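Given next are the chains, with one letter for each unit.
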Amino acid sequence: MVTATSIAYKDLRGYIDAADRLGELRLVNGADWDLEIGAITEVAARATHPKAVLFDNIKGYPKGFRVLTNAVCSPATTALAFGLDPALSGMDIIRAWKAKLESYQPLQPVDVSSGPVTENIDSGGKVDMLKFPTPRWHEHDGGRYIGTGCMVIMEDPEGKWTNAGTYRVCVHDKDTLGIWISPGKHGRLIREKYWAQGKGCPVIISFGQDPILAKVASWYEAWGVSELEIAGWLFGEPVKVVRGKETGLPIPVTSELAIEGFMVPPEVDSRSEGPFGEWTGYYASGTRNEPVVKVKTVMHRNDPIIFGMPPGISGKSVQLSAANLWLALEKAGVTDVQGVWDYTTRYITVISIKQKYGGHAKRTAMAMLGSTYGYHRRFVIIVDDDIDPSNIDDVLWALATRCDPATAINVITEAWSTPLDPRIPPDARAQRNFTNSVAVINACQPYHWKDQYAKTCYFPEEVRKETYSKWKEVLRLE
Ligand SMILES: Cc1cc2nc3c(=O)[nH]c(=O)nc-3n(C[C@H](O)[C@H](O)[C@H](O)COP(=O)(O)O)c2cc1C
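Residues numbered from 1 in each chain as written. Predicted model: local features only at pLDDT ≥ 70, side-chain atom pairs only at ≥ 80, totals over all residues. Heavy atoms only, no water.

A. Structural detail: the layout of surface pockets. The calculated volume of the second largest pocket comes to roughly 380 Å³. If you go around the second largest pocket, you meet 15 residues; those closest to its centre are E221, N324, L327, K331 and Y373. Mapped by element, the contributors of at least two residues to the lining of the second largest pocket are helix 7 (227-235) and helix 8 (321-331). The element that contributes the greatest number of residues to the lining of the second largest pocket is helix 8, accounting for 4 residues. Across the lining of the second largest pocket, the residue classes break down as 10 nonpolar, 3 polar and 2 charged. (1 Å grid on protein atoms, 1.4 Å probe; cavity = no way out; pocket = protein on both sides within 12 Å on 5 of 7 lines; lining within 4 Å. Points joined across faces, edges and corners; volume = space filled by probe spheres on them. Helix = DSSP H or I, 4+ residues; strand = E, 2+ residues; numbered from the N terminus. Nonpolar A, V, L, I, M, F, W, Y, C, P; charged D, E, K, R; others polar.)

B. Region of the structure containing the site of the ligand. Around the ligand, the structure places 18 residues, and the nearest of them are T166, Y167, R168, S182 and H186. K185 places a polar side-chain atom, nitrogen or oxygen, 2.8 Å from an oxygen atom of the ligand. Within the backbone of W219, one N or O atom sits 2.9 Å away from an oxygen atom of the ligand. Computed on the free molecule, the ligand has an accessible area of 640 Å², of which 86% lies beneath the protein chains in the complex. Broken down by secondary-structure element, the contributors of at least two residues to the shell around the ligand are strand 8 (162-165) and helix 5 (186-196). (Near = heavy atom within 4 Å. Polar contact = N/O pair within 3.5 Å; in protein donor to acceptor, adjacent residues only side chain to side chain. Areas by Shrake-Rupley, 256 points an atom, 1.4 Å probe, with all protein chains shown as cover.)

C. A look at the sheet that holds strand 21 (residues 348-353). Pairing in this open sheet of 5 strands is mixed, and the strands run 20-21-22-24-23 from one edge to the other. Of all the strands in the sheet, the pair left with one neighbour each is strand 20 (337-343) and strand 23 (409-415). On average, each strand axis in the sheet is tilted by 15° relative to the strand beside it, whichever way the strands run. Sheet topology places strand 23 next to strand 24 (residues 436-442); 5 bridges connect them, and they run antiparallel. Paired with V411 across the strands is A439, a residue of strand 24. Its contacts with the sheet place helix 8 against strand 20 and strand 21, and it is angled at close to 140° to strand 20. (Pairing = 2+ DSSP bridges. Axes fitted to C-alpha atoms, helices over the stretch in contact; angles between N-to-C directions. Contact = heavy atoms within 4.5 Å.)

In structure tokens:
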């Protein structure tokens, strides 16, 4: 039985110390905010053993004003960040995370009067977003993006629930930030409610917070669910918040750097935003006018740390959302799922099942595409239960030896996708058609004659494990 353990830190600094103790941190002194931090981050993420990278003494900025990147970029840091057993790897990490998700109980934040984030408060003429070492991450980025792994907090004016999202944020000038929120995202729907009343939308943005707060911000949650309550449950204690003086919105007190302000209606102000090197590994969305945030207050800890998550870089990180997808399949009534794994962030998903009836494989793929987690996928590969979805060699072997391309691949057109998809043709883009096609690939032994399928000559997983444990010393040397 795989289990979750408790969280070993209380804030981003605690996380950095814990990563350092585990040997999972690199310290870089003297890098340039202009492309060099981005380049080092990319090279470090591609290392055989990717570690978190802490940048200090950044060119032109005071010592102590730091940027952390690749915070969760390997199985070890995934375990550390989310309270999982560091000895776990591959599918066992997903199983442990799924078991954790199944015990979800919301835990509301609690209000306090002050905390680390209130150590420094600048308002009015003192607001200066340029004093923080904001990287230009990629060569053709249309600006400096302070918000890449940020937490944008807003409140539904009707529902009294608090949303958190990760939406990219660039610095336009001392007190103006640009923000890009994808169509349909909760943050976008909320701000439109304020704009419809002719009001600016109150907002808090935290630019430096621990991996749990960062994670829940990008969590795909239903409308009405407050992500700060999810964070409290993950921590095992409520998130402590101070209330913004201008907005009344909650600010996690452990935040390294947070602003409060208003996303003004576009007719009041909007500015050119993008392009930006996105999670697909391509520049996306060109340049167009986007809404801005007028910053009223800046709060930061002494020597603040920006949490940088330049997209397109996943290193050897584990896509924990595979566990959410697994749960969604179960909720849709799909039984006998043995494992789920996402490659290239989410474009290629592999699901292993123990086939129980004809059509089981196809149903699994269709249920996945019909769920919230069906968003911008390209290939869904269904494999049998003897295939470990997290092992790319196993998956390729299943494709090579069990999939008949003429009969086992279905192409779904007009599937739910995103403007960030680099494969959307120019004419479709011009018509604002942001759908894409998805190949559903059945790489299982054909259900109706699987009893006649050639027997595999490979040893079963249990025998491999026993063999490894008996011959560990020898095999480790190889
Ligand atoms: C590193 C990172 C960067 C992201 N950047 C954006 C972004 O710029 N705009 C956006 O709409 N979504 C972005 N997302 C995805 C959203 O954060 C995610 O869909 C989240 O669920 C949105 O919250 P919401 O559903 O409450 O709006 C990003 C996610 C991650 C992990």
